[in-house]
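What follows is each chain in one-letter form.
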Amino acid sequence: MQAATIGRSSAPSVRNVILRYVYEAEHVIDFYTDVRSEKAAEIRADPRIALVGYDPEGMVQLRLEGVASVLTEGTDKKRAWDASRLRSLVLYRTPVPPGTSIDRPDDAYPAQSDGHDINLAGYQNFCIVRVSLKTLEVLDLSVPAAHKRARYSRTGNEWEGQWIVP
Ligand SMILES: Cc1cc2nc3c(=O)[nH]c(=O)nc-3n(C[C@H](O)[C@H](O)[C@H](O)COP(=O)(O)O)c2cc1C
């Protein structure tokens, strides 16, 4: 999905993230990121977040709004780390924070294992961004000339839905 936050200069800021987990009963979704990233700083400064995704096969767009928090410890983080592929985790081992200017692309990565346990190196840089959903909007384009759009708002555990004009 694309996740939009409020940049630190108050301008919008958007980027792709991978939706990793949905806790239906809790109304939360997770994606993973680096605690040193700009988006983590933005969320800490202002937790409001919006996400959008499109399923090209089903022809459905999903727009989500909520409040995000950055989880830097706990059993969910450990489980997420253990379930992630080494290829993804290598990003968290970079010694310089994401977004730092470098001379060459290779400068982002450590020359070799820095002697730490390879399974834990970078763990401190890994975090879960957990979004507590407040609104959800579905736009279904699968039937030509009969598009459907609905908006749902949550109060506590109750979602209230309403058809709206596409
Ligand atoms: C397909 C795709 C998936 C991505 N998934 C993630 C992700 O799950 N988490 C993440 O931190 N960055 C992800 N990225 C990279 C971000 O889009 C972004 O470039 C990076 O996180 C820096 O963003 P920031 O400076 O706003 O923090 C993904 C990029 C692409 C193209």
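Since the model is a prediction, treat every value here as computed from it, not as a measurement. (Residues numbered from 1 in each chain as written. Predicted model: local features only at pLDDT ≥ 70, side-chain atom pairs only at ≥ 80, totals over all residues. Heavy atoms only, no water.)

Caption draft 1: The environment of Tyr23, seen in detail. Relative to the assigned elements, Tyr23 resides in strand E3 (residues 21-23). Along the sequence, Tyr23 and Leu141 sit 118 residues apart, while their C-alpha atoms lie 26 Å from each other. Beyond its immediate sequence surroundings of up to four residues, Tyr23 is in contact with Val28, Asp30, Asp76, Arg79 and Arg130. Here the side chain of Tyr23 touches Arg130 through a polar contact of 3.4 Å, side chain to side chain. (Helix = DSSP H or I, 4+ residues; strand = E, 2+ residues; numbered from the N terminus. Contact = heavy atoms within 4.5 Å. Polar contact = N/O pair within 3.5 Å; in protein donor to acceptor, adjacent residues only side chain to side chain.)

Caption draft 2: Focus on the pattern of salt bridges. A complete count under the given rule lists 13 salt bridges for this structure. Of the charged contacts, one joins Glu137 and Arg63 as a salt bridge, the two residues approaching to 3.6 Å between their closest N and O atoms. Separated by 74 residues along the polypeptide, Glu137 in strand E7 (residues 126-140) and Arg63 in strand E6 (residues 60-71) bring together distant segments of the chain. Between Arg79 and Asp76 there is a salt bridge, with its nearest N and O atoms 3.4 Å apart. Linking Arg79 with Asp76, this pair stays in helix H2 (residues 75-83), spanning three residues, or about one helical turn. Residue Arg79 is classed as partly exposed on the basis of its relative accessible area, which comes to 38%. (Salt bridge = Lys/Arg side-chain N within 4 Å of Asp/Glu carboxyl O. Buried < 20%, exposed > 50% of the residue type's maximum accessible area, 1.4 Å probe, protein only.)

Caption draft 3: Focus on the pairing of E6. As defined by bridge partners, strand E5 (residues 48-55) adjoins E6 across eight bridges and the pair is classed as antiparallel. Looking at the pairing, Val52 lines up with Arg63 of E6. Hairpin connection of E5 to E6: four residues between the antiparallel strands, including Met59 at a positive phi of 60°. Sheet analysis places E6 next to E7, joined by 12 bridges and oriented antiparallel. Paired with Leu71 across the strands is Ile128, a residue of E7. (Pairing = 2+ DSSP bridges.)

Caption draft 4: Spotlight on the layout of surface pockets. Roughly 530 Å³ of volume is contained in the largest pocket. Around the largest pocket sit 26 residues that line it, and Thr33, Asp34, Lys39, Leu91 and Tyr92 are the ones nearest its centre. Sorting elements by how many residues they give to the lining of the largest pocket places strand E4 (residues 28-34) first, with three residues. Broken down by class, the residue content of the lining of the largest pocket amounts to 13 nonpolar, eight polar and five charged. Empty space within the second largest pocket amounts to approximately 250 Å³. Listing elements by their share of the lining of the second largest pocket, those giving two or more residues are E3, E4, E5, E6 and E7. (1 Å grid on protein atoms, 1.4 Å probe; cavity = no way out; pocket = protein on both sides within 12 Å on 5 of 7 lines; lining within 4 Å. Points joined across faces, edges and corners; volume = space filled by probe spheres on them. Nonpolar A, V, L, I, M, F, W, Y, C, P; charged D, E, K, R; others polar.)

Caption draft 5: Up close: the packing of aromatic side chains. Scanning the entire structure with this criterion turns up six aromatic pairs. Centre to centre, the rings of Trp81 and Phe126 are 5.2 Å apart; their planes meet at 70°, and the pair counts as edge-to-face. Placement of the pair is Trp81 in helix H2 and Phe126 in strand E7, with a sequence separation of 45 residues. One aromatic cluster is present, built from ring pairs that chain together Tyr32, Trp81, Tyr92, Tyr123 and Phe126. One residue, Lys77, lies across the ring of Tyr123, its end atom 4.2 Å from the ring centre. Directly above the aromatic system of Tyr21 lies the positively charged group of Arg79, at a separation of 4.9 Å from the ring centroid. (Phe/Tyr/Trp six-rings, centres within 6.5 Å; stacked < 30°, edge-to-face > 60°. Lys NZ or Arg CZ within 6 Å of the ring centre and 35° of its normal.)

Caption draft 6: A look at the pairing of strand E1 (residues 2-6). Here E1 shows a buried face lined by Ala3 and Thr5 and an unburied face lined by Gln2, Ala4 and Ile6. Examined bridge by bridge, E1 and strand E2 (residues 12-16) share five bridges and lie antiparallel to one another. Bridge pairing links Ala4 to Val14 in E2. Between the end of E1 and the start of E2, which pair antiparallel, lie five residues, with Ser10 showing a positive phi angle near 75°. Across three bridges, E1 lies against E5 in antiparallel orientation. When the bridges of E5 are listed, Ala3 appears paired with Leu51.

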